[in-house]
Amino acid sequence: GAVVSQHPSWVICKSGTSVKIECRSLDFQATTMFWYRQFPKQSLMLMATSNEGSKATYEQGVEKDKFLINHASLTLSTLTVTSAHPEDSSFYICSARAEGTTGELFFGEGSRLTVL
Amino acid sequence: GQQVMQIPQYQHVQEGEDFTTYCNSSTTLSNIQWYKQRPGGHPVFLIQLVKSGEVKKQKRLTFQFGEAKKNSSLHITATQTTDVGTYFCAGPLHSARQLTFGSGTQLTVLP
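Predicted, not measured: the structure shown is a model, and the values here were computed from it.

## Considering the interface of chain A and chain B
For step 1, the next point in the chain: Contacts between the two partners involve 22 residues from chain A, matched on the other side by 18 residues from chain B.
For step 2, the next point in the chain: Carbon and sulfur atoms make up 50% of the area that chain A and chain B hide from each other, which totals about 1,600 Å².
For step 3, the next point in the chain: Where chain A meets chain B, there are zero salt bridges.
For step 4, the next point in the chain: In this structure, the connection of chain A to chain B is made through ten residue pairs in polar contact (both at pLDDT 80 or more).
For step 5, the next point in the chain: Contributing elements (two or more residues each) for the side of chain A that touches chain B: strand E4 (32-38), strand E5 (44-51) and strand E9 (90-96) of chain A.
For step 6, the next point in the chain: Residue composition of the side of chain A that touches chain B, by class: eight nonpolar, nine polar and five charged.

## A few points about the nonpolar core
For step 1, the next point in the chain: Grouped together as the largest cluster of nonpolar side chains are 24 residues, with contacts concentrated most on A:Val4, A:Trp35, A:Leu79, A:Tyr92 and A:Leu113.
For step 2, the next point in the chain: Looking at this core, the elements that each hand over two or more residues are strand E2 (10-13), strand E3 (19-25), E4, E5, strand E7 (67-73), strand E8 (76-81), E9 and strand E11 (111-115) of chain A.
For step 3, the next point in the chain: By size, the runner-up hydrophobic cluster in this structure holds 20 residues, among which are B:Val13, B:Leu61, B:Phe65 and B:Ile76.

## A closer look at the sheet that holds E7(A)
Residues and elements named next belong to chain A.
For step 1, the next point in the chain: With antiparallel pairing, four strands are arranged side by side in an open sheet as E1-E3-E8-E7. For this open sheet the edge positions go to strand E1 (4-7) and E7, each flanked by a neighbour on one side alone. The average undirected angle you get between the axes of adjacent strands in this sheet is 15°.

## Details of the pattern of salt bridges
Residues and elements named next belong to chain A.
For step 1, the next point in the chain: Overall, the coordinates contain four salt bridges over all chains when judged by the stated rule.
For step 2, the next point in the chain: Measuring nitrogen to oxygen at the nearest pair gives 3.5 Å for the salt bridge that ties arginine 24 to glutamate 22.
For step 3, the next point in the chain: Judged by its relative accessible area of 36%, arginine 24 is partly exposed.
For step 4, the next point in the chain: One salt bridge connects aspartate 88 with lysine 66, and the closest N-O pair in it is separated by 2.7 Å. Pair noted here: aspartate 88 is in the loop between E8 and E9 and lysine 66 is in the loop between strand E6 (57-58) and E7, with a separation of 22 residues, a long-range link.

## Topic: the sheet that holds strand E3 (residues 19-25) of chain B
By definition, the strands of a sheet pair up through backbone hydrogen bonds, in either a parallel or an antiparallel sense.
All names here are of chain B.
For step 1, the next point in the chain: In space, the five strands of this open sheet follow the order E1-E3-E8-E7-E6, with antiparallel pairing throughout. The outermost strands of the open sheet, each flanked by one partner alone, are strand E1 (4-7) and strand E6 (55-58). With strand direction ignored, the average angle separating the axes of adjacent strands in the sheet is 15°.
For step 2, the next point in the chain: Relative to strand E8 (residues 71-76), E3 is paired through six bridges, and the arrangement is antiparallel. Across the sheet, cysteine 23 pairs through a bridge with serine 72, a residue of E8.

## What to know about the confidence of the model for chain A
For step 1, the next point in the chain: Considering every residue of chain A, the mean pLDDT works out to 93; 98% of them sit at 70 or more.
For step 2, the next point in the chain: For chain A, per-element mean pLDDT is lowest for E7(A), which scores 92, and highest for E11(A), which scores 97.

## Things to note about unusual backbone geometry
Trans is the prevailing form of peptide bonds, just as negative phi is the prevailing case for residues other than glycine.
For step 1, the next point in the chain: Omega for the peptide link from A:His7 to A:Pro8 comes to 0°, which places this bond in the cis form.
For step 2, the next point in the chain: Residue placement: A:Pro8 occurs in the loop between E1 and E2.
For step 3, the next point in the chain: For the peptide bond that leads from B:Ile7 to B:Pro8, omega is -5°, which places it in the cis range.
For step 4, the next point in the chain: Looking at the secondary structure, you find B:Pro8 in the loop between E1 and strand E2 (10-14).
For step 5, the next point in the chain: Phi is positive for A:Ser83, which is not a glycine, with a value near 45°.
For step 6, the next point in the chain: Along the chain, A:Ser83 turns up in the loop between E8 and E9.
For step 7, the next point in the chain: Judged by relative accessible area, which is 33%, A:Ser83 ranks as partly exposed.

## Considering the side chain of A:Arg97
For step 1, the next point in the chain: You can see A:Arg97 is positioned in the loop between E9 and strand E10 (106-107).
For step 2, the next point in the chain: A distance of 3.1 Å separates a polar atom in the side chain of A:Arg97 from the backbone oxygen of A:Gly103.
For step 3, the next point in the chain: Engagement of the side chain of A:Arg97 in a polar contact is seen with the backbone oxygen of B:Arg97, the distance being 2.5 Å.

Each value, and the rule that gives it
Residues numbered from 1 in each chain as written. Chains lettered and ligands numbered in written order. Predicted model: local features only at pLDDT ≥ 70, side-chain atom pairs only at ≥ 80, totals over all residues. Heavy atoms only, no water. Contact = heavy atoms within 4.5 Å. Buried area = accessible area lost by both parts, 1.4 Å probe. Salt bridge = Lys/Arg side-chain N within 4 Å of Asp/Glu carboxyl O. Polar contact = N/O pair within 3.5 Å; in protein donor to acceptor, adjacent residues only side chain to side chain. Helix = DSSP H or I, 4+ residues; strand = E, 2+ residues; numbered from the N terminus. Nonpolar A, V, L, I, M, F, W, Y, C, P; charged D, E, K, R; others polar. Core = buried A, V, L, I, M, F, W, Y, C linked by side-chain atoms within 4.5 Å. Buried < 20%, exposed > 50% of the residue type's maximum accessible area, 1.4 Å probe, protein only. Pairing = 2+ DSSP bridges. Axes fitted to C-alpha atoms, helices over the stretch in contact; angles between N-to-C directions. pLDDT = per-residue confidence, 0-100.

See the structure below:
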């Protein structure tokens, strides 16, 4: 099946620094990728939809200047958490689906961010 | 607001017992998907249901889509320890491209 790779798997950073998370579709092209955030024992909350070659679409309540999304190619989307604070600590997961389909979402392995 | 709810939130069963999780949407869905997330892992697609009243089976798992396409269920027969994880339903609540995930049911199987 299709593979989505996410890096890094976990990262610890100091408060005030920025962290970049990469999401790659390894064997298919994705003009659209989705970034989710998951708190412990909770559901996945959609943060934004990443669109190749154009601006990301952010969900209500998600600060676009805080969570910068870049989708520069058909196989790579990046999420940068800027000026991270402890409340940004969470599990961030990206996902994508094969181009032209509305079915199965393929998820990356997730990135666990801890901000000290 | 529009949302997708699941019950129960947690379920502990003895190995060999059956398990069911229920998913309810505040609005009609064009399709519903189910995902499983193992502890520490990422969600993995299980199945998609599209038709009203549809029933699909995968070995010990039975998935059902309600007649009104607003609810769904996942039933596991004779649970095994490998079934441990959180089961999420998800549907295109706001747009065809985006999936809204249910609140999830965390299944624990006691050996």
